[in-house]
Structures are given as structure tokens and as C-alpha cells.
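Each chain, letter by letter, is given below.
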Amino acid sequence: MAAKNAKQLGPVETLQAIEEKFEMFQILNEEGEIVNKDADPNLTDEELVELMRRMVYTRILDQRSISLNRQGRLGFYAPTAGQEASQLASHFALEKEDFILPGYRDVPQIIWHGLPLAQAFLFSRGHFAGNQIPENVKVFPPQIIIGAQFIQAAGVALGMQKRGKKTVAVTYTGDGGSSQGDFYEGINFAGAFRSPAIFIVQNNQYAISTPRELQTAAKTIAQKGIAAGLPSILVDGMDPLAVYVATRDARERAVNGEGPTLIETLCYRYGPHTMAGDDPTRYRTSETDSEWEKKDPLVRFRTYLEAKGLWNEEKENEVIEQAKEEIKEAIKIADATPKQKVTDLMEIMYDPNTEMPYNLKEQYELYKEKESK
Amino acid sequence: MAQLTMIQAITDALRTELKNDENVLVFGEDVGNNGGVFRATEGLQKEFGEDRVFDTPLAESGIGGLAVGLSLEGFRPVPEIQFFGFVYEVMDSISGQLARMRFRSGGVYNAPVTIRSPFGGGVHTPEMHADSLEGLVASQPGLKVVIPSSPYDAKGLLISAIRDNDPVIFLEHMKLYRSFREEVPEEEYTIPLGKAAVKREGTDLTIIAYGAMVQESMKAAEELEKENYSVEVIDLRTVQPLDIPTIIASVEKTGRAVVVQEAQKQAGVAANVVAEINERAILSLEAPVLRVFAPDTVFPFSQAETVWLPNSKDIVATAKKVLTF
Ligand SMILES: Cc1ncc(C[n+]2csc(CCOP(=O)(O)OP(=O)(O)O)c2C)c(N)n1
Ligand SMILES: [Mg+2]
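About the cut-offs
- Residues numbered from 1 in each chain as written.
- Chains lettered and ligands numbered in written order.
- Predicted model: local features only at pLDDT ≥ 70, side-chain atom pairs only at ≥ 80, totals over all residues.
- Heavy atoms only, no water.
- Salt bridge = Lys/Arg side-chain N within 4 Å of Asp/Glu carboxyl O.
- Helix = DSSP H or I, 4+ residues; strand = E, 2+ residues; numbered from the N terminus.
- Buried < 20%, exposed > 50% of the residue type's maximum accessible area, 1.4 Å probe, protein only.
- Pairing = 2+ DSSP bridges.
- Axes fitted to C-alpha atoms, helices over the stretch in contact; angles between N-to-C directions.
- Near = heavy atom within 4 Å.
- Polar contact = N/O pair within 3.5 Å; in protein donor to acceptor, adjacent residues only side chain to side chain.
- Areas by Shrake-Rupley, 256 points an atom, 1.4 Å probe, with all protein chains shown as cover.
- Donors = N, O, S within 2.8 Å, 3.2 Å for Na, K, Ca; no water.
- Phe/Tyr/Trp six-rings, centres within 6.5 Å; stacked < 30°, edge-to-face > 60°.
- Lys NZ or Arg CZ within 6 Å of the ring centre and 35° of its normal.
- Contact = heavy atoms within 4.5 Å.
- Buried area = accessible area lost by both parts, 1.4 Å probe.
- Nonpolar A, V, L, I, M, F, W, Y, C, P; charged D, E, K, R; others polar.
- Core = buried A, V, L, I, M, F, W, Y, C linked by side-chain atoms within 4.5 Å.
- Patch = residues over 30% accessible without salt bridge, like charges linked within 9 Å, V, L, I, M, F, W, Y side chains within 5 Å.
- pLDDT = per-residue confidence, 0-100.

## A look at the pattern of salt bridges
All names here are of chain A. This model, assessed by the stated rule, comprises 34 salt bridges over all chains. Between Arg59 and Asp296 there is a salt bridge; the shortest N-O distance is 2.7 Å. Of this pair, Arg59 sits in helix H2 (residues 45-70) while Asp296 is found in the loop between helix H11 (286-293) and helix H12 (297-307), placing the two residues 237 residues apart along the sequence. In terms of burial, Arg59 and Asp296 fall into one category: buried. Through salt bridges with shared partners, a single ionic network connects Glu50, Arg53 and Arg54.

Right, dumping it as C-alpha cells:
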């Protein structure tokens, strides 16, 4: 409540006051200089190198995935270049026991959380083995229904809370996803239950062709969290250190029982929306593309690490070679995976310890015979 | 006359109605500048302006609710749901609201809304995009459900749907979008909703199908003709309400019927067609009416899609069972 004599803000001024507060949080600028010393997480040299290694590796994975797709050897693929800091530096702040609910573009995070690369390729190839997450890997298959993961994350977080776990549920969507009802319901539910969730919106400026300005009148997506009572932050999504710190702090609050956080990371996807016929020249200019490329997370982190004597071309090439090698091996595994059969699909419809419904059983026998020919 | 694909015929119908009626509004995700992810609305925003053809924020429930509200304001909304697999997000607007507007208001309000949406398998989309969910909406009183199988029909049916004063769900099979061209008149024409088309006449068996299964049924009929069976093929075109007179007249003539749907056995509308035939023409039947359908699993991951989807071979096999009963 405002003090009796304090000048009360009208509704317009209140909005302005809130929006002005949402400045972009940055630690490492485009030139690779620390501009916010107080916030520097002071990662160890090994940690800095490991984060760089993951970003370089993932950039190569993206390039290889795109070319495999063009050769008709991959299938569904949503490019990730430009989002490495948002994806991998946020993931870098997590623990192995934290549970990730990714969107379709968030495959890198779940790979670094433990999903074997071959399975990521099988997911792309439309094989359910890609979604058979190993038991010790705490992730849900990438969500296709935009926004659904937000309210589900509230559920996972509530479950962790009930079990007294010191872990968090982390979920990702895009600028477009933040328009879905599930987005608002998710942050509101988690807020209402004070659950240990972290909601990350990677604002890469477009939802397919639809520019961010058409999604909402709100100046930032981060400020949407305020309405649900969540600590909320707008972060330079091309700055690995800022993304790391925002996520680390959100995690700390969450495990300390202080509830969920909303993080908006400002970033860009250099590639098309997916490899299925999207043509970005219909909705973006090459000027905008190159403006964002100047902010590239790999470039600035490389500069930063090189200045510290932690990174050089040799190291970079090592990572590139390793990535290429592992991708090749993973593709071999994916190639060797038996083609998916319709009877396989029938077997995963219901609890295998119960009797198949009569209709399915009949169809199962039929397909068994078809497949044996 | 121009040779158009189905997607071009759909754009043509939208353009025709945007021109004819200033209350027609086209909106949805990426339908404006981008012309839709399948390009169904290509060029329309340029031609008619952002006032008439516009992008919405990303929320299907929002798109449905907007259609309800715009109807109340006297508009004739033609929203797009980018893929019908996402229809669950907007089911309350469709079944809970649009389908009941006339009813709930005792006839005072109505919803002249046409929801267009791509559906159906065979084009290797990611998960959850390609389901055949027509049965879901066909089961809801208050809705009409239209599924064209050719460019010519698509134009005439879409114009009728837009002019209809009640909500219509207009489902466009993705595989048909660019699979073939046919002559489509430049001028406007309508094909009445609720009227099936006899695609091929025959005397031994009636095959009833819709959507992409019409072509498979035509292929099957040709196969069967080689074995001297004369097969009639009916394209339902509207799956709710059904064209009972056309179906029953044909079955009374042939005495045998097969109903084909791409949806799973427990989904789709074939069960309803079989029930109608049994109720109305049982004494004309020489054999049980059988169905061709997809297995009762969730729509498959793309790798198994081709095997999972019913095709002309399945239709021939089932037809033979009925023919030799
Ligand atoms: C419920 C739902 N509606 C629509 C789509 C189709 N679709 C896939 S991605 C996308 C845009 C998403 O944009 P954004 O949330 O910004 O994420 P980005 O793709 O940019 O990472 C749309 C509309 C979908 N997958 N699910
Ligand atoms: Mg986006």
C-alpha cells in the first residue's frame, strides 16, 4: 500500500515504471569484455573452457544436422545456431538431477543433460527410440505442442516439492510460446504453489514468420512474470555469463523454497525456423541477420577466453574434430537401429502387463503377418 | 480455365470471398506476410490489407475465442489452425462455444465461422501434426465438417462454407495440397455442403470415402474392374451432415458397401456411415458392410507412417471380402 501522501501512480505510469525496470542484464559484451564485474560468476578456468567446448560442439552439430537434413538423411530439424548461450549456459547452471522439459528446438540441452546423440538423430528421423529417454537422464521428450511444457513443468516442480527434493524443473519455450494460455497457467501455478521451477523464454525475435512485436503489447516478455508474482529477468541471450548467472540464481532461489523464476533471453536463430521449407527472407532482412551475428555468443566468448589464455585455434579444432567424429558414430548407430514397425507402435500403446484391447489385438495379428512377409 | 493445385484453389476461394464480402476476415498464425506455412493465404494480405488478413499471437484458443467475438461484432471469420493436430488447444471455442452460439442464444446469435486446417498423413510431418481428427468434430452437434478431395471441390466447398451462417470445420488433407492439378474455373461457384459426389458409377459394390482416401478408392476400383467388378465410388465431401440419400441410393443399387477412412478404426466417421446404412438399407445388403481404416494406435512417428496408413491395396482386399461374401 502506498503511503497516504505519496503521489500515487496512475495505470499508465505504473506500466511505464515497470517496463523501465526491465533493462537487459549483461556481463560479457559483444567485444568479449566484462562490463558488469559485480555479477561475474567467476567460473573456474575448467568451467569456462567446458562451456566454450559445448557451444562450439553444438554449433558443429547444428551445421552437420542441417547438411544431413539436406541430404535427406535426418528428417525433422529445428536449427539452433545463435541460441547456444541461451541454451547451453542456462543448462550449465543445472544439476544432473534437475528435470528438463524442452521444446522442439531444445535438443542441445537434453543432449548435454545425457541424451545420447544417436537418439537425438532418431527423434529427428521420426523413430520412437529417439524419445526413449534413458532412466538416469532427467528429461521429457521435446514438446511439439507449443506451451504445453510450461504447465507440465509446474507439475514436475510441485512433485519435487512434495517429495522434498532439492532439485528444479526447467522448461524452455520461445517468444511465440509466451502467448499460449499454457505459458500463463504454468508460471501462475508454479507461483501459486511456490514450486521449484525455472521458466526460460528464448526470445529469438520470431515465431516462424511472426515478429515479436505482433505477439504482445508488452515491452518485454520477462515482465509477464510480474503479474504471476515471479522474480523475472531480461537477459542478453547471446551472453553466456549473463544467462548462466540468471539461471544459477533462479536455481538457488528455487531449491531454497523461494519459488519459480521467469527468464527471458534475447537471442536470434540464424537459420530457418525448421528445415521443412521455411524461407526467412520472406520475413527478415539480411541487415537484421548481420546485426545479430555481431552479437554472436561464440565470438564474444572466444575473445574473452583467448584474452585469458584459455582458448586458441588448436583447442577449437580439437573440439570440431571430436564433434564431427562423434556425430559420424552416432549416425552409424542411428542407421543400424532397426526400422520401426507398426507392431512396435502397438506394443507401446498400453501397459504391456495388461491385455491388449480386442481391436488392437486383432490389428496386431494382422500386421504381424504383414511384417513377416 | 486454369489448372490449379488444391492449395491454389483454396487461395482462390479465399480471395473470392474476401472480395465478395467485406465482413470476411482471414487470420491465424503466420497467415499474413508469410502467406501461411503451406502458402494457402499467399498474397492475400498484400491484396486486402492487414485489416482483413492478419497474423495473430501464437495461441489457438485465442484464435477460436477471437472468432466467437468477431462473429458477435457481425464479421464472418475464416481463421486458420496451422495444423489440425493442434485442435485440442481450441476445442472449447469449437465445441463448447461456436457450436452452441445459435442454440444458447435461442437463435439470436450465430457463428458464421469457417475454421480451415491442414490434416492427414503421408507427408512426414513431426509428431502431433498429421492426425485425422475429423471424428472429434463430426461428433459435435452444431458443427458441419467439410473435407474436399480435389482442387475443384475445394474451391466450391470453401466458398459455400464461408457463406454458411453456422460454424464449419474445413479440413484440407496435406497430401492433396500439391499432389495434382485440375481445371478450376476462375469465376465463383459453389458446391452445396452436405452433398456427396459419385466419383465413379458401378453396380457390384459401393466404396464410400473422403479426403485422401478418395484417390486410393478410385485406384482400388480400377484394380477391381480388371477382375470384372463394377465399383461405385462415393466421395462424402461433407462428413457431417452425411448425404444419406446418395449413400442409400447407391447401396440399394449395389447391395454391398465398404467405407474407407484414413483415421484409426475407433476414430473417423466410418462407423457412423456403417450404422446409417444398417439402419436404412439392411434388407438391400448382400454382405456385411466393412471398413478400411488405420490401426488403433496414436498417429505413428513418421518412419512408420507409410505402412500404417491405409492404401488402395487394403481397400481391394476388404472389397474382395465383401464381394465374395
Ligand atoms: C500448439 C501449437 N501451435 C502451433 C504450432 C506450430 N509452430 C511450431 S513452431 C511455431 C513458432 C514458435 O515460435 P517460438 O515460440 O518463438 O519458438 P521458436 O520456434 O522461435 O524457437 C509454431 C507456430 C505448434 N507446434 N504447436
Ligand atoms: Mg521465436
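Having put the structure on the table, let's press on.
## Some details on the sheet that holds strand S10 (residues 205-209) of chain B
Residues and elements named next belong to chain B. Taken together, the 5 strands give an open sheet; going across it, the order is S9-S11-S10-S13-S14, and neighbouring strands pair in mixed fashion. Only two strands of the sheet have a single partner each, and these edge strands are strand S9 (197-200) and strand S14 (290-294). Strand-to-strand twist in this sheet, taken as the mean axis angle between neighbours without regard to direction, amounts to 25°. Relative to strand S11 (residues 231-235), S10 runs parallel, the two sharing 5 bridges. By the bridge assignment, Ala209 is partnered in S11 with Asp235.

## Structural notes on the site of ligand 1
A:Tyr104, A:Arg105, A:Asp175, A:Gly177 and B:Glu60 are the nearest of the 20 residues found near ligand 1. Close to ligand 1, residues of chains A and B are found. Separating an oxygen atom of ligand 1 from a side-chain N or O atom of A:Tyr104 is a distance of 2.6 Å. A:Arg105 is positioned such that a nitrogen or oxygen atom in its side chain is 2.7 Å from an oxygen atom of ligand 1. Calculation on ligand 1 without its partners gives an accessible area of 580 Å², and the protein chains cover 95% of this total.

## A few points about the coordination of the magnesium ion (ligand 2)
Residues and elements named next belong to chain A. Surrounding the magnesium ion (ligand 2) are the protein donor atoms Asp175 (OD), Asn204 (OD1) and Tyr206 (O), which sit 2.0 to 2.1 Å from the metal. Along the chain, the residues donating to the magnesium ion (ligand 2) fall in the pattern D-x28-N-x1-Y. Here the residue Asp175 occupies a position in the loop between strand S2 (169-174) and helix H7 (181-193), and Tyr206 occupies one in strand S4 (residues 206-207), the gap between them amounting to 31 residues. A residue is classified by how much of its surface remains accessible, and Asp175, at 1% relative accessible area, is buried.

## Comments concerning the packing of aromatic side chains
Working definition: an aromatic ring pair is given by the centre-to-centre distance plus the angle between the planes. Under the definition given, this model contains 18 aromatic pairs over all chains. Relative to B:Tyr177, the ring of B:Phe38 has its centre 5.0 Å away and its plane inclined at 50°; by these criteria the two rings are tilted. Remark: B:Tyr177 occurs in the loop between strand S7 (168-173) and strand S8 (182-184) and B:Phe38 occurs in the loop between strand S2 (24-28) and helix H2 (44-48); sequence separation between them is 139 residues. Judged by its relative accessible area of 2%, B:Tyr177 is buried. Aromatic rings pair up to connect A:Phe150, A:Phe183, A:Tyr184 and A:Phe199 into one cluster. Here the basic side chain of A:Lys295 rests over the ring of A:Trp292, its NZ or CZ set 5.3 Å away from the ring centre. Stacked on the ring of A:Tyr367, the Lys or Arg A:Lys370 has its end atom at 4.5 Å from the ring centre.

## Looking at the environment of B:Ser139
Residue and element names in this part refer to chain B. Considering the arrangement of structural elements, one finds Ser139 in the loop between helix H6 (134-138) and strand S6 (144-146). The exposure class assigned to Ser139 is partly exposed, which follows from its relative accessible area of 48%. Distance from Ser139 to Gln240, taken between C-alpha atoms, is 8.2 Å for residues 101 residues apart in sequence.

## Details of the interface of chain B and chain A
At the interface, 35 residues of chain B touch 38 residues of chain A. Summing both partners gives a buried area of about 3,100 Å² for chain B against chain A, and 52% of it is carried by carbon and sulfur. On the surface where chain B and chain A come into contact, there are 2 salt bridges. Taking the shortest distance from any N to any O, the salt bridge between A:Arg282 and B:Glu42 comes out at 2.9 Å. Our count for the contact surface shared by chain B and chain A stands at 18 residue pairs in polar contact (both at pLDDT 80 or more). By residue class, the composition of the side of chain B that touches chain A is 15 nonpolar, 10 polar and 10 charged.

## Structural notes on helix H5 (residues 117-124) of chain A
Residue and element names in this part refer to chain A. Most of H5 is tucked away: 8 of the 8 residues are buried. For H5, every residue scored as buried is listed here: Leu117, Ala118, Gln119, Ala120, Phe121, Leu122, Phe123 and Ser124. Once H5 finishes, Gly126 follows within two positions and takes phi at roughly 70°, a positive value.

## As for the nonpolar core
Most often, soluble globular proteins have nonpolar side chains that are buried together. Counting 100 residues, the largest nonpolar core has B:Ile169, B:Ile247 and B:Ile277 as the members making the most contacts within it. Ignoring sequence-local partners within four residues, the contact set of B:Ile247 consists of B:Ile208, B:Ile234, B:Leu236, B:Leu242, B:Val273 and B:Ile277. Core analysis: the second largest hydrophobic core is formed by 71 residues, A:Phe25, A:Leu28, A:Leu61 and A:Ile110 among them.

## Re the sheet that holds strand S6 (residues 232-236) of chain A
Residue and element names in this part refer to chain A. Pairing is parallel in the open sheet, where 5 strands are placed in the order S1-S2-S3-S7-S6. The sheet terminates laterally at strand S1 (99-101) and S6, the two strands that pair on one side only. On average, each strand axis in the sheet is tilted by 20° relative to the strand beside it, whichever way the strands run. Pairing analysis gives 3 bridges linking S1 to S2, with the strands arranged parallel. When the sheet's bridge partners are listed, Phe99 is paired in S2 with Ala169. With respect to the sheet, H7 is in contact with strand S3 (197-203) and strand S7 (261-266), its orientation differing from that of S3 by roughly 150°.

## With respect to a nonpolar patch on the surface
Where nonpolar side chains cluster on the molecular surface, the patch consists of B:Leu72, B:Val108 and B:Tyr109 and spans about 320 Å² of accessible area. On the secondary structure map, B:Val108 appears in the loop between helix H5 (101-104) and strand S5 (114-119).

## With respect to the confidence of the model for chain B
All names here are of chain B. Mean pLDDT over chain B: 98, with 100% of residues reaching 70 or higher. Model confidence for chain B, summarised as mean pLDDT per element, is weakest for helix H11 (residues 305-308) at 94 and strongest for S11 at 99. In the predicted complex, the global pTM is 0.97; the interface-specific ipTM is 0.96.

## Some thoughts on the side chain of B:Gln261
Residue and element names in this part refer to chain B. Mapped onto the elements, Gln261 comes out in strand S13 (residues 257-264). Under the relative-accessibility criterion, Gln261 is labelled buried at 1%. Excluding residues within four positions of it along the chain, Gln261 makes contact with Tyr210, Met213, Ala267, Gly268, Val269, Ala270, Val292, Phe293, Ala294 and Pro310.

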